[in-house]
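Structural overview for review
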Amino acid sequence: MKARITVLAGDGIGPEVTAAGVRVLESVAGAFGHEFEFVDALIGGAAIDASGSPLPPRTVDACRSCDAVLLGAVGGPKWSDPSARVRPEQGLLELRRTLGLFANLRPVRTLESVLDVSPLKAEVISGVDIMVVRELTGGIYFGRKSRTALEAEDVCSYSAHEIERVTRTAGRLAMQRKRRIVSVDKANVLETSRLWRSVVERVISEEFPDVSLEHMLVDAAAMHLLLRPTSFDVLLTENMFGDILTDEASMLAGSLGLLPSASLGDGRVGLYEPIHGSAPDIAGRGIANPCGTILSSAMLLRHSLGLEREAATVEAAVESSLSSGLRTADIARKGQASIGTEAVADAIIERILTVH
Ligand code: IPM
Ligand code: MG
């Protein structure tokens, strides 16, 4: 098949990890006989430096006219002056909103070969397989904001429609998995959470009668994620709770650098990015873990291009490379040498080409 993929490298380690992701996608194209065209565009701090805007119109056009978007990361100390008028993160948030990407899928799985990396006990995290579905274009991130010298506000609002559509995404995913959803909220305090709870309840019972649904308060969910992570299947949550819980959940897998994500809407274009940030402290050194981005490329193959076999091949190649002991610094064993971003990508590509 032919596909056009827009690559938004962004800031910090973004260009290093997206370069690895693109190389992996190119190897998939070669091995399976597809034609992928890659178009680079600017976002975040890099775009502010070049044009003054974190999301230039040309970038939006490039994202609207392609099949999928692969993104690295945005942000960094250069642009984090609290009084700055434009921030790199605004580019990412605006892109999610503009493309209508309301459902953010963040799979959290522990790979047996890197169980030792997590600070948590192997017996607690062995077998973790959670699909977090985070609402991505509503809530406190997108409500009215205001600020005076002595006061500031960020309004959290949700409509029933926004809750319904992301609940359907979670319901459909649950049907392909263990058919269990835990919906996270703070219904003992927040009005938006009480609406969330009742809409989720209605959509699941009417449209997904085979899915079992449990509601959990976010503070308890934060605790249960560490106490009994294997008991979760699909975790459905609003925007900010999902942001926080997925950083926490990444420790079940061992490193933020391992986790991918897909942001989907009703439209055709999906946005794929690792859940980690721009890691300015290690940027430019060629040591960032590319696995989160490479696994995001696998999600791109699956969700935007419908190439399930290719996606599974990439995932298997990542697992095989990790289990042969090839590790970047973030997941290296104490006292053991680590390898760089490109070497990890090389090992994964070699496996894609040989298993195929
Ligand atoms: C994430 C990030 C973003 C978010 C930032 C960079 C705006 O933390 O994708 O998890 O909060 O959504
Ligand atoms: Mg985050």
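Quick note: structure is the one above.
Now for a description of the structure that goes with this document. Predicted model, so just to flag it, every value in this text is computed and none were measured. Residue numbers restart at each chain and count upward from 1, following the sequence in its written direction. For this description, chains carry letters from A and ligands carry numbers from 1, given in the order in which they are written. Side-chain atom pairs in this predicted model are given and counted only at pLDDT of 80 or more, local residue features only at pLDDT of at least 70, and totals for whole chains, interfaces and linings cover all residues. Excluded from the side-chain calculations are hydrogens and water; all other atoms, namely the structure's heavy atoms, are used.

Remarks on the packing of aromatic side chains
Cut-off, in case you're wondering: Centres within 6.5 Å are what make two rings of Phe, Tyr or Trp a pair, Trp counting through its six-membered ring; a difference in plane orientation under 30 degrees is then read as stacked, over 60 as edge-to-face, and the rest as tilted. Here a helix means four or more residues in a row that DSSP labels H or I, a strand means two or more in a row labelled E, and each is numbered from the N terminus. Buried, partly exposed and exposed residues are distinguished by accessible area as a fraction of the type maximum, computed with a 1.4 Å probe on protein chains only: under 20%, between the cut-offs, and over 50%, respectively.
Following the criterion strictly, the structure yields one aromatic pair and no others. With a centroid separation of 5.6 Å and 70° between ring planes, the pair formed by Tyr-158 and Trp-196 is classed as edge-to-face. In this pair, Tyr-158 sits in the loop between strand E7 (152-154) and helix H6 (160-175) while Trp-196 sits in helix H7 (residues 191-207), placing the two residues 38 residues apart along the sequence. The two residues Tyr-158 and Trp-196 agree in class, both being buried.

Observations concerning the pattern of salt bridges
What counts here: A side-chain nitrogen of Lys or Arg and a carboxyl oxygen of Asp or Glu constitute a salt bridge if their distance falls within 4 Å.
Applying the stated rule across the entire model yields 22 salt bridges. The closest approach of N and O atoms between Asp-116 and Arg-327, which form a salt bridge, is 2.9 Å. A residue pair is termed long-range when its members are at least 10 positions apart, and Asp-116 in the loop between strand E4 (103-109) and helix H5 (122-125) and Arg-327 in the loop between helix H11 (308-323) and helix H12 (341-355) qualify at 211 residues. Overall, the relative accessible area of 41% leaves Asp-116 in the partly exposed class. Arg-327 sits in the buried class, given a relative accessible area of 2%.

Brief notes about the side chain of Glu-238
As a reminder of what qualifies: None of His or the chain ends enter the tally, which takes Lys and Arg as positive and Asp and Glu as negative. Side-chain atoms alone can form a polar contact between residues adjacent in sequence; in general such a contact is a pair of N or O atoms within 3.5 Å, and within protein one must be able to donate a hydrogen while the other accepts it.
Looking at where Glu-238 falls in the secondary structure, it is placed in the loop between strand E10 (234-237) and helix H9 (239-253). No salt bridge is formed by the buried Glu-238, whose closest oppositely charged neighbour, Arg-134, lies at an N-O distance of 7.3 Å. A polar side-chain atom of Glu-238 sits 2.8 Å from the main-chain amide nitrogen of Met-240. At 2.7 Å, the side chain of Glu-238 and the backbone nitrogen of Phe-241 are in polar contact.

Regarding the pairing of E4
Two faces make up the sheet, and in a regular strand the side chains alternate between them. Stated formally: Two strands qualify as a pair provided DSSP detects at least 2 bridges between them.
Judged by how many residues are buried, E4 sits mostly within the fold: six of seven residues are covered. Relative to strand E5 (residues 129-135), E4 is paired through seven bridges, and the arrangement is antiparallel. Bridge pairing in E5 places Val-108 opposite Ile-130. Where E4 and strand E11 (residues 262-264) come together, three bridges link them in antiparallel fashion.

Re the pairing of strand E1 (residues 2-10)
Pairing geometry for E1 and strand E2 (residues 35-40), over six bridges, is parallel. Along E2, the bridge assignment pairs Arg-4 with Glu-37. Alignment of E1 against strand E3 (residues 68-73), held across five bridges, turns out to be parallel. Note that in E3 the partner of Gly-10 across the bridge is Ala-73.

A look at helix H10 (residues 291-303)
Heads up, the rule is: Here the expected span of a helix is defined as 1.5 Å times the quantity of residues minus one.
Helix length check: H10, at 13 residues, gives a terminal C-alpha distance of 18 Å against a target of 18 Å (1.5 Å per residue), a fit within 8%. In terms of residue burial, H10 counts as a mostly covered element, since eleven of its 13 residues are buried. Those residues of H10 not exposed but buried are Cys-291, Gly-292, Thr-293, Ile-294, Leu-295, Ser-296, Ser-297, Ala-298, Met-299, Leu-300 and Leu-301.

Quick notes on the site of ligand 1
The test is simple: By convention in these notes, a residue is near a molecule or strand provided one of its non-hydrogen atoms lies within 4 Å of it. All accessibility values rest on the Shrake-Rupley procedure with a 1.4 Å probe; residue burial counts only the protein chains present in the view. Using a grid of 1 Å spacing that covers the protein atoms alone, one calls a set of points a cavity when a 1.4 Å probe fits there but cannot get out, and a pocket when the set is open and has protein on both sides within 12 Å along at least five of seven lines; lining residues are those with an atom within 4 Å of a point. Cavity and pocket membership follows a simple rule, namely that a molecule belongs there if more than half of its atoms are within 2 Å of the grid points. Put simply, Ala, Val, Leu, Ile, Met, Phe, Trp, Tyr, Cys and Pro go in the nonpolar bin, Asp, Glu, Lys and Arg in the charged bin, and everything else, Gly too, in the polar bin.
Looking at ligand 1, the residues that line it are Glu-89, Arg-96, Arg-106, Arg-134, Tyr-141 and Asp-243. In the model, an oxygen atom of ligand 1 is placed 2.6 Å from a nitrogen or oxygen of the Tyr-141 side chain. Look at ligand 1: alone it shows 320 Å² of surface, and the protein chains cover 78% of it. Assessed atom by atom at 2 Å from the grid points, ligand 1 resides in the second largest pocket. Residue classes in the shell around ligand 1 are distributed as one nonpolar, no polar and five charged.

What to know about empty space enclosed by the protein
Put simply, the rule reads: Grid points are joined across faces, edges and corners, and a volume is the space filled by probe spheres set on the points.
Evaluation of the coordinates by the stated rule reveals one cavity of 30 Å³ or more. By volume, the largest cavity is sized at about 50 Å³. Forming the walls of the largest cavity are Cys-156, Tyr-158, Val-184, Asp-185, Leu-190, Thr-192, Ser-193, Trp-196, Glu-238 and Phe-241. Of all the secondary structure elements, the ones that give two or more residues to the lining of the largest cavity are strand E8 (180-185) and H7. In terms of residue count, H7 provides more of the lining of the largest cavity than any other element does, three residues in total. For the lining of the largest cavity, the class distribution of residues is six nonpolar, two polar and two charged.

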